[in-house]
Every structure is written in structure tokens, then in C-alpha cells.
Amino acid sequence: MTRTPLFAFALLTLAACSPGGAGSGEPATVQAADAICRPTPVGRQMTGCYLTLTTATADRLVSASSPDANLVQIHESRIESGMMMMRELREGLPLPAGEAVALAPGGNHLMLLGVKEPLVAGDTVALTLTFETSPPLDLTATIGQPAVTESGEADATAAD
Ligand SMILES: [Cu+2]
């Protein structure tokens, strides 16, 4: 019995001394805010996620993943011939130093493909963002409707 406190103390000491390589000790250099994913439309396994990224030093969002989706792509939206089209940003998304980069309805977004379970308002979804230089960033997005931007067409483009 007398060994128990010592053993616990040793574990704590180990944890405190572990190098920051796993990312736990050092603050991430990319900050994410307001992460939200739309509910999946009935019968569909894809949806869009939005958030704001800020980084102190220039970086690039290169990929994203989620345990709740088979694939997460970085998409841009653009209007072509009056139609809202989206395509994958294969080079990723540049993040200028000190600038808030918004992924928002009608613009850039994360696309969840092959969503495993329907996403309902109030749920959460785990995302991992991978950057060119910063350590990977784990975050939790809530499921809900993102704030409508100035274009006001967010709700008309269900698939963005
Ligand atoms: Cu998309």
C-alpha cells in the first residue's frame, strides 16, 4: 500500500517531463475558432464545415481528416454560369501570417465525404487539421447552421 503514492507521483513526473513532440506541451501555432458543420441532408453522406484559422507565421492547411467521415477535402466554392460550383483545393489553403482566414458558406470550406452516421444539430464531430509546418490541430466542430454571410445565399446552397 505504501508504494501507491510514490508510484502515482512517478507517473505524474513522467507526464510532466515528456517532450513536447506530441504537441501537448507547446501551444499550436495555428488557432481555430468557431468550427461548425452543417447537419447532413437526409439520405446524403456529405456536408460542409466552416471555421476561422489564424496563424502567427505563414503556413498552409494541407489536409484534414475526421474519424466520422471516410474523407475530408478542402474545397473552394465559386459561381460559374450562375451555378455554385465547388472543387477541391489540391494545393491546400494558404494561411498568411497574422490574418484570420475564414472558411465560410459560399467560399472555402471543409467537405466531409462518406459521413458514417447522420450528423444532427447539437452533435459534435472531431476534426484533425494538418499543416505544412505547424503541428496537427485537433478540434471539435459543433453541428448546426453556420452564420449566413453577406451574400445571404448560404441556405440556398445545401451542398456547399
Ligand atoms: Cu464542398
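None of these values were measured; they are calculated from a predicted model. Here the residue numbering is sequential within each chain, running from 1 through the sequence in written order. Reporting of local features is limited, given that this is a predicted model, to residues whose pLDDT is at least 70; pairs of side-chain atoms are given and counted only at 80 or more, and all residues count toward the totals for whole chains, interfaces and linings. By convention in this description, side-chain values take in all heavy atoms of the structure and omit both hydrogens and water.

Topic: the nonpolar core
Definition in use: By convention a nonpolar core is built from buried Ala, Val, Leu, Ile, Met, Phe, Trp, Tyr and Cys residues, the set being connected through side-chain atoms within 4.5 Å. Under the scheme applied here, a residue whose accessible area is under 20% of the maximum for its type counts as buried, over 50% as exposed, and between as partly exposed, the area being computed with a 1.4 Å probe on protein chains only. Contacts: residue pairs with any heavy atoms within 4.5 Å of one another.
One finds Leu51, Leu53, Leu61, Leu110, Leu112, Leu129 and Phe131 to be the most contacted residues of the largest nonpolar core, which totals 28 residues. Excluding residues within four positions of it along the chain, Leu53 makes contact with Val30, Gln31, Ala32, Leu61, Leu95, Glu99, Ala100, Val101, Leu103, Leu129 and Phe131.

Regarding the coordination of the copper ion
The cut-off we apply is this: Coordination partners: N, O, S within 2.8 Å of the metal, 3.2 Å for Na, K and Ca; water not considered, so apparent gaps in a site are possible. The way it works is that DSSP assigns letters per residue, a run of H or I at least four long becomes a helix, a run of E at least two long becomes a strand, and they are numbered from the N terminus.
All of the protein donors around the copper ion are His75 (ND1), Met86 (SD), His109 (NE2) and Met111 (SD); their distances to the metal are 2.1 to 2.3 Å. When the donor residues of the copper ion are listed from N- to C-terminus, their spacing reads H-x10-M-x22-H-x1-M. Of this pair, Met86 sits in strand 5 (residues 83-88) while Met111 sits in strand 8 (residues 109-115), and the two are 25 residues apart along the sequence. By relative accessible area, which is 30% here, Met86 ends up partly exposed.

Details of the confidence of the model for the chain
Threshold: Known as pLDDT, the predictor's per-residue confidence is scaled from 0 to 100.
For the chain, the mean per-residue pLDDT works out to 84, and 75% of the residues sit at or above 70. With pLDDT under 50 throughout, residues 7-25 is counted as low confidence; its partners more than four residues away or in other chains account for two contacts. A low-confidence stretch, residues 151-160 stays under pLDDT 50, and its non-local contacts, those more than four residues away or across chains, total 25 contacts.

A short note on the pairing of strand 1 (residues 30-37)
Stated formally: A pair of strands counts as paired when DSSP detects no fewer than two bridges linking them.
Where strand 1 meets strand 2 (residues 47-55), six bridges bridge the pair, whose relative direction is antiparallel. Across the sheet, Ala33 pairs through a bridge with Thr52, a residue of strand 2. In terms of strand pairing, strand 1 meets strand 10 (residues 137-143) through two bridges, oriented parallel. When the bridges of strand 10 are listed, Ile36 appears paired with Thr142.

Re the state of the cysteines
Filter applied, for reference: When the sulfur atoms of two cysteines come within 2.5 Å, that pair is taken as a disulfide.
As enumerated under the stated definition, the model contains one disulfide in all. In this model Cys37 forms its disulfide with Cys49; the gap between the sulfur atoms is 2.0 Å. On the sign convention where negative means left-handed, the S-S torsion of about 100 degrees between Cys37 and Cys49 marks this disulfide as right-handed. Of this pair, Cys37 sits in strand 1 while Cys49 is found in strand 2, placing the two residues 12 residues apart along the sequence.

Structural notes on unusual backbone geometry
Even without being glycine, Asp34 reaches a positive phi, approximately 60 degrees. With respect to the helices and strands, Asp34 occurs in strand 1. On the basis of relative accessible area, Asp34 is assigned to the exposed category, the value being 65%. Despite not being glycine, Ser81 has its phi angle at roughly 50 degrees, a positive value. You can see Ser81 is positioned in the loop between strand 4 (69-80) and strand 5.

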